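So the chains spell out like this:
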Amino acid sequence: MNINFSRYDTLTTLLAGTTAALTIVISQPAIAKTPQEVASIAGPLTVQINSSLGDGSGVIIAKTGKTYTVLTVNHVVEKADVKYTVRTSKAKNYQATSVTRLQTADTDPDLAVVKFESPEEYPVATIADSDQAVIGTQIFVYGYPATGGLFGAEREPELSPGLVTSRPGNRPEGYTLRYQAVTWSGMSGGPVFDSEGRVIGLHGQGEFGFAQTSSGEVAPIKTGFNAAVPINTFIGKLVAAGINKSELKVDNTPPTSGPVSTANPQDAQAYYFRGLSLLDQGDAWEAIADFNRALAFKPKYTPELFFNIGNARTLITASLPELDPTRGSTAIQAYTRAIAANPGFADAYYNRALAYLDNKDQPKAIADFQKAAELYKQGGRTSAYQDALNRIKQLQ
């Protein structure tokens, strides 16, 4: 069974509604940078990319004279007949002087380069070897989310910590750096940093997972897994981007903080993370086993565990025969337990609605979509709110 994820400008997270983000404590050497230190590095480097079509983010990677080069994802700037502006950390707006789209075919990585001119001084990002970002590696996503009713220039930057969950060898549009982190609409194109504050990828994919069924159909679910195009992929495109490697600041020394070890889990967090990694790689049964082991420790993040058991059950039942009477029932039970533990868990309502639809229970599906829409609206998740409303309209 394959799990595929769609490119997006909006991203819901595993930890939705009123649920606080799960913090996995990682032992690091004293010299490792704190999240605050990474944020202080990220702030001056990260920019908004705005247009009449929507909001995105990007990162300054080079400077020649007064000309700055910004790396972003192509779907933020894909329309050639649209004017794009770059808004910096100093609240200055500049017209993009050029846009080089590195994605000219569906098989190309989702990358683009934007240039702007400014007399102001801005730092240039340090780039690291993204191949060192193995499973369990600490990462930080930085960008300008369009949440809480704030769009365009009104957006404020946000740092989101996470952990790498898988490194697939090949994914559509080059999204082979995958992780769990809380991200939002508007952060597409924003940099993904390692624990040293070096750029290792460009964030830009997530929102829905699709479980491929035996009949070729797909079962969509909200997941919380996100993905970036690794910076090494961009390095391989320098000629097409018109950039000389000497223009970049590169530091390929290994990070001081090692990855989280899941070889011999001893607590809820280790089992939970290993379960997430297994689920991200499509090993649903093994993921459920680890989630259940984590539950035995009675962790504080029980809603998230049940939510992911529901996701794993959805992947498993997606390949069952269409007329199987148990199809989707165990996923419904898991999502129901997640909701009982956290009544504000919007994504659990959304996914349970999908499971009800799979069981041909349209009234319950509509009720859950309505509840999800209400919670999305309260949380400022505009795109998710509109999506839930569209689902309701299709069913009524």
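## Quick look at the nonpolar core
- Formed by 48 residues in total, the largest nonpolar core has its most connected members in Y272, L279, F291, L305, F369 and Y376.
- Going through the elements one at a time, α4 (268-280), α5 (284-295), α6 (302-317), α7 (329-341), α8 (346-358), α9 (362-378) and α10 (382-395) are the ones with two or more residues in this core.
- Ranked by residues supplied to this core, first place goes to α8 with eight residues.
- Listed in part, the 43 residues of the second largest apolar core include V76, L102, Y175 and V229.

## Quick word on the pairing of strand β10 (residues 138-143)
- Of all the six residues making up β10, six are buried; the element is thus mostly covered by neighbouring parts of the structure.
- Neither face of β10 is open: one carries Q138, F140 and Y142, the other I139, V141 and G143, and all of them are buried.
- Strand direction decides the pairing type here: β10 and strand β11 (residues 158-166), joined by six bridges, are antiparallel. Of the residues in β11, the one forming a bridge with Y142 is L159.
- Here β10 pairs with strand β13 (residues 191-193) via two bridges, running antiparallel. By the bridge assignment for β13, F140 is matched with F193.

## Side note on unusual backbone geometry
- The residue E173 is not glycine, and still its phi comes out positive at about 65°.
- When you line up the elements, E173 lands in the loop between β11 and β12 (177-181).
- The class for E173 is buried, based on a relative accessible area of 15%.
- Unusually for a residue other than glycine, K360 sits at a positive phi of about 65°.
- With respect to the helices and strands, K360 occurs in the loop between α8 and α9.

## A closer look at the side chain of T223
- Among the structural elements, T223 can be located in the loop between β15 (218-222) and β16 (225-230).
- At 3.2 Å, the side chain of T223 and the backbone nitrogen of F225 are in polar contact.

## A look at α9
- The terminal C-alpha atoms of α9 lie 24 Å apart, and with 17 residues this matches the ideal 24 Å at 1.5 Å per residue to within 8%.
- Within α9 the residues assigned to the buried category are A365, I366, D368, F369, A372, A373, L375 and Y376.
- The distance from a side-chain oxygen at the start of α9 to the backbone nitrogen of K364 is 3.4 Å, and the residue carrying that oxygen is D361.
- Backbone geometry just downstream of α9 places G380 in the positive-phi region, at approximately 75°.

## Here we look at the pattern of salt bridges
- Summed over the entire model, instances satisfying the criterion amount to 11 salt bridges.
- Here K90 and E120 are joined by a salt bridge, their closest N and O atoms 3.4 Å apart. Taken together, the residues K90 in the loop between β5 (85-87) and β6 (93-95) and E120 in the loop between β8 (112-117) and β9 (126-127) connect sequence positions 30 residues apart.
- For K90, a relative accessible area of 39% translates into the label partly exposed.
- R352 is the partner of D368 in a salt bridge, and the nearest nitrogen-oxygen pair spans 2.6 Å. Remark: R352 occurs in helix α8 and D368 occurs in helix α9; sequence separation between them is 16 residues. Like D368, the residue R352 is buried in the burial classification.
- Residues participating in the shared-partner salt-bridge network are K90, K92 and E120.

## Things to note about the packing of aromatic side chains
- The full count for this structure, using the stated rule, is 10 aromatic pairs.
- Consider the rings of Y272 and F291, whose centres lie 5.8 Å apart with planes at 45°: the pair is tilted. Of this pair, Y272 sits in helix α4 while F291 sits in helix α5, and the two are 19 residues apart along the sequence.
- Judged by its relative accessible area of 0%, F291 is buried.
- Pairwise contacts between aromatic rings join Y68, Y94, F116 and Y122 into one cluster.
- Note that K90 overlies the ring of Y122, its terminal NZ or CZ placed 4.9 Å from the centroid.
- A cation over a ring is seen here: K222 above Y350, with NZ or CZ 4.5 Å from the ring centre.

## Some details on the sheet that holds strand β3 (residues 54-64)
- The seven strands are arranged β6-β5-β2-β3-β4-β8-β7 in an open sheet whose pairing can be described as antiparallel. On the outer flanks of this sheet lie β6 and β7 (98-101), each paired with one strand and no other. Neighbouring strand axes in the sheet, compared pairwise and without regard to direction, differ in orientation by 35° on average.
- Examined bridge by bridge, β3 and strand β4 (residues 67-72) share five bridges and lie antiparallel to one another. Bridge pairing in β4 links V59 to L71.
- Contacting β2 (46-51) and β3, helix α1 (residues 35-45) runs over the sheet at an angle of about 40° to β2.

## Observations concerning the packing of α4 against α6
- The geometry of α4 relative to α6 is characterised by a closest axis approach of 11 Å and an angle of 25° between their N-to-C directions. On the basis of the axis angle, α4 is roughly parallel to α6. When the axes of α4 and α6 are compared, the crossing they make is left-handed. Of the residues in α6, those in contact with Y272, L276 and L279 of α4 are E304, L305, N308, N311, A312 and L315.

Here is what the cut-offs are and how they apply
- Residues numbered from 1 in each chain as written.
- Predicted model: local features only at pLDDT ≥ 70, side-chain atom pairs only at ≥ 80, totals over all residues.
- Heavy atoms only, no water.
- Core = buried A, V, L, I, M, F, W, Y, C linked by side-chain atoms within 4.5 Å.
- Buried < 20%, exposed > 50% of the residue type's maximum accessible area, 1.4 Å probe, protein only.
- Helix = DSSP H or I, 4+ residues; strand = E, 2+ residues; numbered from the N terminus.
- Pairing = 2+ DSSP bridges.
- Polar contact = N/O pair within 3.5 Å; in protein donor to acceptor, adjacent residues only side chain to side chain.
- Expected span 1.5 Å × (residues − 1).
- Salt bridge = Lys/Arg side-chain N within 4 Å of Asp/Glu carboxyl O.
- Phe/Tyr/Trp six-rings, centres within 6.5 Å; stacked < 30°, edge-to-face > 60°.
- Lys NZ or Arg CZ within 6 Å of the ring centre and 35° of its normal.
- Axes fitted to C-alpha atoms, helices over the stretch in contact; angles between N-to-C directions.
- Contact = heavy atoms within 4.5 Å.
- Parallel < 35°, antiparallel > 145°, perpendicular 65-115°, else oblique.
- Left-handed = near helix turned anticlockwise from the far one by under 90°.

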